[in-house]
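Listed here are the chains, written in short residue letters.
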Amino acid sequence: MNLSQQERLQLINQFEILSIQNENDASHYQELIKILQSGYTIFYNQVFQHLSEEMSEESCQLVLNILDLYRAIEDTRARTACKELDDHHRSTFLGFDGNGETEYMCFARFLVVEQGKFREQEQYLQKNDNMNSHMPMIEIYRRMLIEAGNYNIWQMSAEDALNILNA
């Protein structure tokens, strides 16, 4: 990674401010300042270690679509009181694989926990291990979304919802 002198100076100034504001972490910020001042490019990754790679708009939209679908399934479960739907192993949102689908899992958590969206999912956070399915789910969810395209998800029957969950 290459940083211009201007970028390095801006980061140094930011870390100086943070070291003053956060006395407990001052030594960490001072170390980052030294790395930047000295131009130790091999350690620049320490400066940015808490930054994730950008998540594409398409991937974000996929998570939103999945959570919308599960909101509609929750609505159908409440309206129909269908035992078969309630008992289906995918009738509640399982989350995403924490190892292979981490960015999806983190974004879903952000939406529910940080932004307070899709509040109906909060009740399942313990059940679904904080949205970690421990198995790949993206392809299953994509099939479900394709099947959901055959229905008006906001007015679907329990049978429609089961067809989606079985996709």
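The written sequence of each chain sets the order in which its residues are numbered from 1. In keeping with the model being predicted, local features are shown solely for residues with a pLDDT of at least 70 and side-chain atom pairs are shown and tallied solely at 80 or more, while totals for entire chains, interfaces and linings include all residues. The basis for every side-chain value is the complete set of heavy atoms in the structure, and neither hydrogens nor water enter the calculation.

- Naming follows an unreviewed UniProt entry, where the protein chain appears as YfbU family protein of Pseudoalteromonas luteoviolacea H33.

## Some words on the pattern of salt bridges
Turning to step 1, where the next piece is worked out: Salt bridges are counted wherever a side-chain nitrogen of Lys or Arg sits within 4 Å of a carboxyl oxygen of Asp or Glu. Summed over all chains, the structure comprises 7 salt bridges.
Turning to step 2, where the next piece is worked out: With a closest N to O distance of 3.1 Å, R71 and E120 form a salt bridge. On the criterion of sequence distance, the pair formed by R71 in helix α4 (residues 57–80) and E120 in the loop between α6 (102–114) and α7 (138–148) is long-range, its members being 49 residues apart.
Turning to step 3, where the next piece is worked out: Judged by its relative accessible area of 31%, R71 falls in the partly exposed class.
Turning to step 4, where the next piece is worked out: As a salt-bridge pair, R142 and E139 come within 3.6 Å of each other at their nearest N and O atoms. Numbering of helices and strands runs from the N terminus, with a helix taken as a DSSP run of H or I at least four residues long and a strand as a DSSP run of E at least two residues long. Residue burial is assigned from relative accessible area. The probe radius is 1.4 Å, only protein chains are included, and a residue is buried under 20% of its type maximum, exposed over 50%, and partly exposed in between.

## So, the environment of Y124
Turning to step 1, where the next piece is worked out: For Y124, the position within the fold is in the loop between α6 and α7.
Turning to step 2, where the next piece is worked out: It is 7.6 Å that separates the C-alpha atoms of Y124 and T92, two residues lying 32 residues apart in sequence.
Turning to step 3, where the next piece is worked out: In this analysis, two residues are considered to be in contact whenever any of their non-hydrogen atoms come within 4.5 Å of each other. Every residue in contact with Y124, bar those within four places of it in the chain, is listed here: E74, R77 and T92.

## A word on the environment of E23
Turning to step 1, where the next piece is worked out: Position of E23 among the secondary structure elements: in the loop between α1 (5–21) and α2 (26–38).
Turning to step 2, where the next piece is worked out: E23 sits 11 residues away from I12 along the chain, and the two C-alpha atoms are 16 Å apart.

## A short note on the packing of α4 against α7
Turning to step 1, where the next piece is worked out: In the contact formed by α4 and α7, the axes pass within 10 Å of each other and the chain directions differ by 60°. The handedness of the crossing between α4 and α7 is left-handed. Residue-level contacts link L62, N65, I66, L69, Y70 and I73 of α4 to I138, Y141, R142, M144, L145 and A148 of α7.
Turning to step 2, where the next piece is worked out: Classifying every residue of the contact of α4 with α7 gives 10 nonpolar, 1 polar and 1 charged. Axis lines are fitted to C-alpha atoms, over the contacting stretch for helices. Their N-to-C directions set the angle, which ranges from 0 to 180 degrees. Crossing chirality is assigned from the near helix's rotation relative to the far helix, an anticlockwise turn below a right angle marking it left-handed and a clockwise turn marking it right-handed. All residues other than Ala, Val, Leu, Ile, Met, Phe, Trp, Tyr, Cys, Pro, Asp, Glu, Lys and Arg, Gly among them, are scored as polar; the first ten of these are nonpolar and the last four charged.

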